[in-house]
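# Architecture at a glance
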Amino acid sequence: WMEVYGDTHGDGYIRFSNKNRHGLINEGWMDSYDSIEISPGKRPKEPIALVEVQGYAYEAYILTAELYRNSGDIEYAKHLYQRAGILKERLNADFWMADERFFAQALSADNEQVRDIVSNVGHLLATGIVDDKKVPDVVHRLMQPDMLTPWGIRTRSLNSPTFSDVEPTA
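What you see is a predicted model; the values in this text were computed from it and never measured.

Time to look at helix 3 (residues 74–94). Taking 1.5 Å as the rise per residue, helix 3 with 21 residues should run 30 Å; its terminal C-alpha atoms sit 30 Å apart, in good agreement. Along helix 3, the positions that sit buried rather than exposed are Ala77, Leu80, Ala84, Leu87, Leu91 and Asn92. Viewed along the axis of helix 3, the buried residues span an arc of 120 degrees, placing them on a single side of the element. Opposite the packed face of helix 3, turned more than 90 degrees from it, sit the exposed residues Glu75, Gln82, Glu89 and Ala93. Along its buried surface, helix 3 packs onto helix 1 (2–6), helix 2 (51–70), strand 2 (96–97), strand 3 (102–103) and helix 4 (122–125).

Relative to the elements of secondary structure, Asp116 occurs in the loop between strand 5 (113–114) and helix 4. Counting along the chain gives 80 residues from Asp116 to Ile36, while the straight-line C-alpha distance between them is 8.7 Å. Excluding residues that lie within four positions of it along the chain, Asp116 makes contacts with Met97, Phe103, Gln105, Arg156, Ser160 and Thr162. For Asp116, the side chain forms a polar contact with the side chain of Arg156, separated by 2.9 Å.

Okay, the packing of aromatic side chains next. Considering all chains together, one arrives at three aromatic pairs under this definition. An angle of 85 degrees between the planes, with centres 5.4 Å apart, marks the rings of Tyr13 and Phe95 as edge-to-face. Taken together, the residues Tyr13 in the loop between helix 1 and strand 1 (49–50) and Phe95 in the loop between helix 3 and strand 2 connect sequence positions 82 residues apart. By relative accessible area, Tyr13 is classed as buried at 0%.

Below, the discussion takes up the sheet that holds strand 5. Strand order in the open sheet made by the three strands is 1-4-5, with antiparallel pairing throughout. Looking along the sheet, the strands with just one partner apiece sit at the ends: strand 1 and strand 5. Bridging between strand 1 and strand 4 (residues 106–107) involves two bridges; their strand directions are antiparallel. Bridged to Leu50 within strand 4 is Ala106.

Looking now at a nonpolar patch on the surface. A contiguous nonpolar surface patch, about 360 Å² in accessible area, is contributed by Leu125, Val139, Met143, Leu148 and Ile153. Relative to the elements of secondary structure, Val139 occurs in helix 5 (residues 135–142).

Turning our attention to the nonpolar core. Grouped together as the largest cluster of nonpolar side chains are 35 residues, with contacts concentrated most on Phe95, Phe103, Leu124 and Val138. Looking at this core, the elements that each hand over two or more residues are strand 1, helix 2, helix 3, strand 2, strand 3, strand 4 and helix 5. Of the residues forming this core, the biggest block, six residues, is contributed by helix 2. Dropping the residues within four chain positions of it, Leu124 is found in contact with Val51, Glu52, Gly55, Leu91, Phe103, Ile129 and Val130.

This paragraph deals with the side chain of Arg156. For Arg156, the position within the fold is in the segment after strand 7 (152–153). Of the polar contacts made by the side chain of Arg156, one reaches the side chain of Gln105; its length is 3.5 Å. Looking at Arg156, its side chain comes within polar contact range of the side chain of Ser160, at 3.4 Å.

Right, let's talk about the pattern of salt bridges for a bit. What the rule picks out here adds up to eleven salt bridges. One salt bridge connects Arg90 with Asp94, and the closest N-O pair in it is separated by 3.0 Å. Placement of the pair is Arg90 and Asp94 together in helix 3, with a separation of four residues, close to one helical turn. The exposure class assigned to Asp94 is partly exposed, which follows from its relative accessible area of 28%. A salt bridge links Arg115 to Asp99, with the nearest nitrogen and oxygen atoms 2.7 Å apart. Highlighted residues: Arg115 in the loop between strand 5 and helix 4 and Asp99 in the loop between strand 2 and strand 3, separated in sequence by 16 residues. Asp99 sits in the exposed class, given a relative accessible area of 58%. Because the salt bridges share partners, they merge into one network encompassing Glu3, Asp7 and Arg83.

Cut-offs and rules
Residues numbered from 1 in each chain as written. Predicted model: local features only at pLDDT ≥ 70, side-chain atom pairs only at ≥ 80, totals over all residues. Heavy atoms only, no water. Helix = DSSP H or I, 4+ residues; strand = E, 2+ residues; numbered from the N terminus. Expected span 1.5 Å × (residues − 1). Buried < 20%, exposed > 50% of the residue type's maximum accessible area, 1.4 Å probe, protein only. Arc of directions from axis to C-beta. Contact = heavy atoms within 4.5 Å. Polar contact = N/O pair within 3.5 Å; in protein donor to acceptor, adjacent residues only side chain to side chain. Phe/Tyr/Trp six-rings, centres within 6.5 Å; stacked < 30°, edge-to-face > 60°. Pairing = 2+ DSSP bridges. Patch = residues over 30% accessible without salt bridge, like charges linked within 9 Å, V, L, I, M, F, W, Y side chains within 5 Å. Areas by Shrake-Rupley, 256 points an atom, 1.4 Å probe, with all protein chains shown as cover. Salt bridge = Lys/Arg side-chain N within 4 Å of Asp/Glu carboxyl O. Core = buried A, V, L, I, M, F, W, Y, C linked by side-chain atoms within 4.5 Å.

Written out as structure tokens, the structure is:
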């Protein structure tokens, strides 16, 4: 599914487009209508590649490759390991915001970064997709006062132009 239907651009990233404007407009960890914006009120061009989804895809490739390797299908396992390696390399380049020392929330259809500091990036740490040298930067950024509260990590930085502390009404 990931290779045939999820990778709509042929660039290795799993992307989504909202085809039903009466349903969820965002299909990720933060699914509110305004959770993925380049600036307040400006939505990225679809299809969108969410950062956390790439981590899930990477982990799926690795785990499935191990299943194929253990069952004796070494060639298909190699294919899956290769896909995982390419995805890891590309994510660490394309999503990385060097000035922030953190990953972008998403890429637009034009591969424009959605430059927001969000907790979604923390999901990457569990998947192994983050280059080892970047892990300390990611952890450090998530632990900053604009992200870390006494109750846990915020979904979005207090400094984000789209941050709101108003409770949702719907």
